[in-house]
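A structural walkthrough
What follows is each chain in one-letter form.
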Amino acid sequence: VDLAGGALRAAVRIALVVAALCVPASAAAGTDVQIQHVDLGGFPEVRVTAVVPAGARPILWEGNAPAQFARPHQLGAEEAIVLAVDNSHSMRGEPLRQATSAAADFLAQQERAAATGLVAFGHQALDLTRANESREDVTRTLATLASDPQGGTSLYDAVVLSATRLQRMSSGMRILVLLTDGKDLGSHSSLTGAITAARRANVVVYSIAAGASADKSPLRALAAATGGKVFDAADVGSLGSTYAALSQELDRTWQISYLTSARPGDRVLLSVRAAGRRAGAPLR
């Protein structure tokens with residue numbers, strides 16, 4: 001698979017092998033090993049985002065040997081996390097109450113996060129917390145969040161603002177959890193601009209599509225470009241379980257950085273191994 005972009009496209013070709021446990025077909029979900037994303041933007045540094053079974057630690061291989069000087073970081077032990085919550089007019093009433101309550105419960109579980117923040121977006125995106133505020137401070141701000149009486153959903157602006165905020169908060173792992181019930185309306189930024197900002201800041205974007213009207217297409221694009229994932233909560237009453245599933249996903253997800261030995265024209269085989277035996281198949 002040619003995953004290199006821009007000037008790298010003709011220089012380096014990377015084939016991925018997804019290593020998985022050999023488990024029965026009836027085994028519970030969450031036991032697979034998956035490579036979600038490979039970032040070559042900092043070549044020769046390569047960042048691989050992988051999901052492994054709970055409690056396992058991944059080992060990245062380049063070719064027939066473990067990648068040298070690989071640095072794995074568990075997203076569940078992230079250093080900085082920002083919640084971006086859609087408070088547009090369509091979220092008024094019960095949807096916003098459900099969203100802020102579920103987000104507060106999620107935040108309470110993120111005990112290992114060194115820094116947290118909150119961005120709200122309606123007709124404009126607003127950073128509602130100061131630097132170095134505690135999780136308790138962010139939770140209190142969440143509880144006071146009201147719906148925006150003006151029309152608009154500045155989703156892309158919220159991503160750009162959150163990425164900028166996360167860049168100031170930490171030099172380590174940066175997670176953005178984005179919740180929306182609609183589609184972008186009124187942003188100054190574009191989807192491309194939002195993706196560029198997130199990737200430049202090394203932010204992994206997880207999105208929650210709340211309600212049946214949420215536009216999942218840009219959320220999928222953000223997730224695919226950063227190694228995140230989209231969670232579907234068609235019923236806002238299920239937001240609590242959706243955030244719980246997200247928390248479990250973070251505990252299973254790792255970002256592995258290393259300096260590749262590949263040179264222009266090389267074809268590199270990457271694989272991720274975890275929890276014993278593996279089975280591989282190329283992504284095409």
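Remember, it's a predicted structure, so these values are computed and weren't measured experimentally.

1. A few points about the overall build of the protein
- Along its length, the protein carries 6 helices and 15 strands.
- Taking contacts inside the protein between residues at least 6 apart in sequence as the whole, the part at least 24 apart equals 78%.
- By element, 51% of the accessible surface of the protein is carried by carbon and sulfur atoms, the whole surface being about 12,700 Å².

2. A word on empty space enclosed by the protein
- Overall, the coordinates contain 1 cavity of 30 Å³ or more when judged by the stated rule.
- Looking at the largest cavity, its volume works out to about 80 Å³.
- Ranked by residue count, the leading element in the lining of the largest cavity is strand β3 (residues 45-51), at 3 residues.
- Of the residues belonging to the lining of the largest cavity, the class tally is 4 nonpolar, 5 polar and 3 charged.

3. Quick notes on helix α3 (residues 155-169)
- Look at α3: 21 Å from first C-alpha to last across 15 residues, which is about the 21 Å you get at 1.5 Å a residue.
- Within α3, the full set of buried residues consists of L155, Y156, D157, A158, V159, S162, A163, R165, L166 and M169.

4. Examining the nonpolar core
- Grouped together as the largest cluster of nonpolar side chains are 32 residues, with contacts concentrated most on V177, I208, Y243 and L246.
- When contributions to this core are tallied by element, the ones reaching two or more residues are β7 (80-86), α1 (94-109), β8 (115-121), α2 (135-143), β10 (174-180), β11 (203-210), β12 (229-233) and α6 (239-252).
- Broken down by element, this core gets its largest block of residues, 7 residues, from α1.
- In this structure V177 touches I81, V82, L83, A84, F106, Y206, I208, Y243 and L246, once residues within four positions along its chain are discounted.
- Core analysis: the next-biggest nonpolar cluster, separate from the first, contains 28 residues, A163, I195, A198 and L222 among them.

5. Topic: the sheet that holds β3
- The strand order across the open sheet built from 4 strands is β2-β3-β13-β6, with neighbouring strands paired in antiparallel fashion. Strand pairing shows two members of the sheet lacking a second neighbour, β2 (34-39) and β6 (71-74), which therefore form its edges. Averaged over all adjacent pairs, the angle separating strand axes in this sheet is 20 degrees, with direction ignored.
- Where β2 meets β3, 5 bridges bridge the pair, whose relative direction is antiparallel. Residue pairing across strands places Q34 opposite V51, the latter belonging to β3.
- Each of β2, β3, β6 and β13 (253-259) is contacted by α6, which is oriented at about 30 degrees to β13, the strand it contacts most.

6. Things to note about the pairing of β8
- The element β8 is largely enclosed, with a buried count of 7 among its 7 residues.
- Side chains of β8 alternate between two faces, with A115, G117, V119 and F121 and T116, L118 and A120 buried alike.
- Where β7 and β8 come together, 7 bridges link them in parallel fashion. Along β8, the bridge assignment pairs V85 with A120.
- Assessed by its sense of winding, the connection that carries the chain from β7 through α1 to β8 is right-handed.
- Between β8 and strand β9 (residues 125-127), which pair antiparallel one after the other, the connecting turn spans 3 residues.

7. Some points on the packing of aromatic side chains
- Applying the stated criterion across every chain yields a total of 1 aromatic pair.
- An angle of 40 degrees between the planes, with centres 5.3 Å apart, marks the rings of F106 and Y243 as tilted. Of the two residues, F106 is situated in helix α1 and Y243 in helix α6; the sequence distance between them amounts to 137 residues.
- In this structure, R273 packs its charged tip against the face of W61, placed 3.5 Å from the ring centre.

8. Some details on the packing of α1 against α2
- Taken N-terminus to C-terminus, the directions of α1 and α2 make an angle of 175 degrees; their axes are 9 Å apart at the nearest point. Between α1 and α2, the interaxial angle falls into the category roughly antiparallel. Contacts between α1 and α2 involve T100, A103, A104, L107 and A108 on the former and, on the latter, R135, V138, T139 and L142.
- Tallied by class, residues from the contact of α1 with α2 come to 6 nonpolar, 2 polar and 1 charged.

9. Brief notes about the confidence of the model for the protein
- Counting all residues, the mean pLDDT for the protein is 85, and 86% of those residues have values of 70 or more.
- A low-confidence stretch, residues 1-11 stays under pLDDT 50, and its non-local contacts, those more than four residues away or across chains, total 23 contacts.
- Across residues 279-284 the pLDDT falls below 50, and counting only partners more than four positions away or on other chains, this stretch makes 15 contacts in the model.

Conventions adopted
Residues numbered from 1 in each chain as written. Predicted model: local features only at pLDDT ≥ 70, side-chain atom pairs only at ≥ 80, totals over all residues. Heavy atoms only, no water. Helix = DSSP H or I, 4+ residues; strand = E, 2+ residues; numbered from the N terminus. Contact = heavy atoms within 4.5 Å. Areas by Shrake-Rupley, 256 points an atom, 1.4 Å probe, with all protein chains shown as cover. 1 Å grid on protein atoms, 1.4 Å probe; cavity = no way out; pocket = protein on both sides within 12 Å on 5 of 7 lines; lining within 4 Å. Points joined across faces, edges and corners; volume = space filled by probe spheres on them. Nonpolar A, V, L, I, M, F, W, Y, C, P; charged D, E, K, R; others polar. Expected span 1.5 Å × (residues − 1). Buried < 20%, exposed > 50% of the residue type's maximum accessible area, 1.4 Å probe, protein only. Core = buried A, V, L, I, M, F, W, Y, C linked by side-chain atoms within 4.5 Å. Pairing = 2+ DSSP bridges. Axes fitted to C-alpha atoms, helices over the stretch in contact; angles between N-to-C directions. Right-handed = clockwise from strand over helix to strand, strands pointing away. Phe/Tyr/Trp six-rings, centres within 6.5 Å; stacked < 30°, edge-to-face > 60°. Lys NZ or Arg CZ within 6 Å of the ring centre and 35° of its normal. Parallel < 35°, antiparallel > 145°, perpendicular 65-115°, else oblique. pLDDT = per-residue confidence, 0-100.

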